[in-house]
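Residues per chain are reported as follows:
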Amino acid sequence: METFNKETTAYERASKRVKELKEFYGNITSYCIVISFLAFLNLMTSPGYLWFLWPMLGWGIGIAFHAVNVFGIGKSWEEKKIKELMAEEKGKIKTL
(Lines give C-alpha, C1' and ligand atoms only; values in the text may rest on other atoms or scores of the structure.)
Protein backbone atom coordinates (compact mmCIF):
# COMPACT_ATOMS: atom_id res chain seq x y z
CA MET A 1 0.00 0.00 0.00
CA GLU A 2 2.83 2.39 0.83
CA THR A 3 4.48 1.78 -2.56
CA PHE A 4 1.23 2.73 -4.29
CA ASN A 5 1.10 6.01 -2.34
CA LYS A 6 4.71 6.82 -3.23
CA GLU A 7 4.08 6.10 -6.90
CA THR A 8 0.89 8.16 -6.86
CA THR A 9 2.68 11.07 -5.20
CA ALA A 10 5.58 10.85 -7.66
CA TYR A 11 3.13 10.77 -10.57
CA GLU A 12 1.25 13.81 -9.22
CA ARG A 13 4.49 15.76 -8.82
CA ALA A 14 5.64 14.83 -12.32
CA SER A 15 2.23 15.74 -13.73
CA LYS A 16 2.33 19.12 -11.98
CA ARG A 17 5.84 19.75 -13.34
CA VAL A 18 4.76 18.95 -16.90
CA LYS A 19 1.81 21.34 -16.52
CA GLU A 20 4.14 24.12 -15.31
CA LEU A 21 6.48 23.56 -18.27
CA LYS A 22 3.59 23.58 -20.76
CA GLU A 23 2.29 26.85 -19.32
CA PHE A 24 5.74 28.43 -19.51
CA TYR A 25 6.35 27.36 -23.11
CA GLY A 26 2.85 28.54 -24.04
CA ASN A 27 3.64 31.92 -22.50
CA ILE A 28 6.91 32.16 -24.48
CA THR A 29 5.13 31.21 -27.71
CA SER A 30 2.39 33.79 -27.17
CA TYR A 31 5.01 36.42 -26.34
CA CYS A 32 6.93 35.80 -29.56
CA ILE A 33 3.82 35.88 -31.74
CA VAL A 34 2.17 38.93 -30.15
CA ILE A 35 5.34 41.01 -29.84
CA SER A 36 6.25 40.24 -33.46
CA PHE A 37 2.80 41.39 -34.54
CA LEU A 38 3.04 44.55 -32.44
CA ALA A 39 6.51 45.33 -33.82
CA PHE A 40 5.23 44.89 -37.38
CA LEU A 41 2.19 47.05 -36.66
CA ASN A 42 4.32 49.73 -35.02
CA LEU A 43 6.88 49.85 -37.82
CA MET A 44 4.13 50.06 -40.47
CA THR A 45 2.11 52.82 -38.78
CA SER A 46 4.56 55.00 -36.84
CA PRO A 47 8.21 54.00 -37.28
CA GLY A 48 9.38 57.22 -35.62
CA TYR A 49 8.31 56.03 -32.15
CA LEU A 50 8.93 52.43 -31.15
CA TRP A 51 6.06 51.97 -28.71
CA PHE A 52 6.07 48.18 -29.04
CA LEU A 53 9.15 48.14 -26.81
CA TRP A 54 6.99 48.99 -23.77
CA PRO A 55 4.74 45.90 -23.93
CA MET A 56 7.80 43.86 -24.88
CA LEU A 57 9.58 45.03 -21.73
CA GLY A 58 6.57 44.58 -19.43
CA TRP A 59 5.66 41.12 -20.67
CA GLY A 60 9.35 40.19 -20.74
CA ILE A 61 9.66 40.97 -17.04
CA GLY A 62 6.63 38.76 -16.41
CA ILE A 63 8.23 35.94 -18.41
CA ALA A 64 11.47 36.34 -16.44
CA PHE A 65 9.57 35.88 -13.17
CA HIS A 66 7.69 32.93 -14.65
CA ALA A 67 11.02 31.35 -15.69
CA VAL A 68 12.46 31.81 -12.21
CA ASN A 69 9.35 30.19 -10.77
CA VAL A 70 9.54 27.21 -13.14
CA PHE A 71 13.31 26.69 -13.44
CA GLY A 72 14.75 28.76 -10.63
CA ILE A 73 16.41 28.18 -7.34
CA GLY A 74 13.13 28.11 -5.46
CA LYS A 75 12.17 24.64 -6.69
CA SER A 76 15.29 22.87 -5.46
CA TRP A 77 15.07 24.65 -2.12
CA GLU A 78 11.43 23.62 -1.76
CA GLU A 79 12.23 19.97 -2.52
CA LYS A 80 15.11 19.92 0.00
CA LYS A 81 12.95 21.51 2.68
CA ILE A 82 10.08 19.08 2.07
CA LYS A 83 12.45 16.09 2.33
CA GLU A 84 14.01 17.55 5.47
CA LEU A 85 10.63 18.05 7.13
CA MET A 86 9.44 14.58 6.11
CA ALA A 87 12.61 13.02 7.58
CA GLU A 88 12.07 15.02 10.74
CA GLU A 89 8.49 13.74 11.02
CA LYS A 90 9.62 10.15 10.45
CA GLY A 91 12.15 10.58 13.27
CA LYS A 92 9.44 11.86 15.62
CA ILE A 93 7.11 9.01 14.76
CA LYS A 94 9.81 6.36 15.35
CA THR A 95 10.70 7.81 18.76
CA LEU A 96 7.07 7.71 19.92
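Chemist: I'd like a description of the overall build of the chain, backed by residues and values.
Modeler: For the chain, the count of helices and strands is three helices and zero strands. Tracing the chain from N to C terminus, the helices and strands come up as α-α-α. Intrachain contacts of the chain at a sequence separation of at least 6 include 64% that bridge at least 24 residues. Per element, the accessible surface of the chain, about 8,000 Å² overall, is 70% carbon and sulfur.

Chemist: Could you give an account of the layout of surface pockets, with specific residues and numbers?
Modeler: By volume, the largest pocket is sized at about 320 Å³. Lining of the largest pocket is provided by ten residues; of these, Lys6, Thr9, Arg13, Ile82 and Met86 occupy positions nearest its centre. Counting only elements with at least two residues in the lining of the largest pocket, the list comes to α1 (2-45) and α3 (73-95). By residue class, the composition of the lining of the largest pocket is two nonpolar, two polar and six charged.

Chemist: Quick one: what's the story with the pattern of salt bridges, residue by residue and with numbers?
Modeler: Per the stated rule, a full pass over the model turns up two salt bridges. Between Arg17 and Glu20 there is a salt bridge, with its nearest N and O atoms 3.6 Å apart. Here Arg17 pairs with Glu20, and both are found in helix α1, just three residues apart, close to one helical turn. The class of Glu20 is buried, set by a relative accessible area of 16%.

Chemist: Before we move on, can you summarise the packing of aromatic side chains with the specific residues and values?
Modeler: As enumerated under the stated definition, the model contains three aromatic pairs in all. A centroid spacing of 5.2 Å and a plane angle of 85 degrees characterise the contact between Phe24 and Phe71, whose relative ring orientation is edge-to-face. A residue pair is termed long-range when its members are at least 10 positions apart, and Phe24 in helix α1 and Phe71 in helix α2 (residues 53-71) qualify at 47 residues. On the basis of relative accessibility, which here comes to 42%, the residue Phe71 falls in the partly exposed class. Through a chain of ring-to-ring contacts, the aromatic side chains of Phe24, Tyr25 and Phe71 assemble into a single cluster.

Chemist: Quick rundown of the confidence of the model for the chain? Include the residues and the values.
Modeler: Confidence along the chain averages 87 in pLDDT terms, with 88% of residues attaining 70 or more. The weakest mean pLDDT in the chain belongs to α3 at 73; the strongest belongs to α2 at 95.

Chemist: Break down the nonpolar core for me, citing the residues and quoting the values.
Modeler: Of all hydrophobic cores here, the largest spans eight residues; its members are Phe24, Tyr31, Ile35, Leu38, Ala39, Phe52, Ile63 and Val70. Of all the elements in the fold, those that place two or more residues in this core are α1 and α2. Here the element with the most residues in this core is α1; it accounts for five residues.

What counts and how
Per-chain numbering applies: the sequence of each chain, read as written, is numbered from 1 onward. Note on the predicted model: pLDDT of at least 70 is required for a residue's local features to be given, and 80 or more for side-chain atom pairs to be given and counted; whole-chain, interface and lining totals, by contrast, use all residues. Side-chain numbers here rest on the full set of heavy atoms in the structure, without hydrogens or water. Secondary structure elements are defined from DSSP: runs of H or I of at least 4 residues count as helices, runs of E of at least 2 residues count as strands, and each element is numbered from the N terminus. The contact rule is simple, with two residues in contact once any of their heavy atoms fall within 4.5 Å. The method behind every accessible area is Shrake-Rupley, applied with a 1.4 Å probe, and residues are considered shielded solely by the protein chains displayed. Both site types are read off a 1 Å grid over the protein atoms alone. A 1.4 Å probe that fits but cannot get out defines a cavity, while an open set with protein on both sides within 12 Å along at least five of seven lines defines a pocket; lining residues have an atom within 4 Å of a point. Grid points are joined across faces, edges and corners, and a volume is the space filled by probe spheres set on the points. For this classification, Asp, Glu, Lys and Arg are treated as charged, while Ala, Val, Leu, Ile, Met, Phe, Trp, Tyr, Cys and Pro are nonpolar and the rest, including Gly, are polar. Any Lys or Arg side-chain nitrogen located within 4 Å of an Asp or Glu carboxyl oxygen qualifies as a salt bridge. Each residue is placed in one exposure class: buried if its accessible area under a 1.4 Å probe, protein chains only, is under 20% of its type's maximum, exposed if it is over 50%, and partly exposed if it falls in between. Stacked, tilted and edge-to-face are the three classes applied to pairs of Phe, Tyr and Trp rings, where Trp contributes its six-membered ring and a pair requires centres within 6.5 Å; stacked means planes under 30 degrees apart, edge-to-face means over 60, and tilted covers the rest. Known as pLDDT, the predictor's confidence for each residue is given on a scale from 0 to 100. Only buried residues count toward a nonpolar core, which is a set of Ala, Val, Leu, Ile, Met, Phe, Trp, Tyr and Cys residues joined through side-chain atoms within 4.5 Å.

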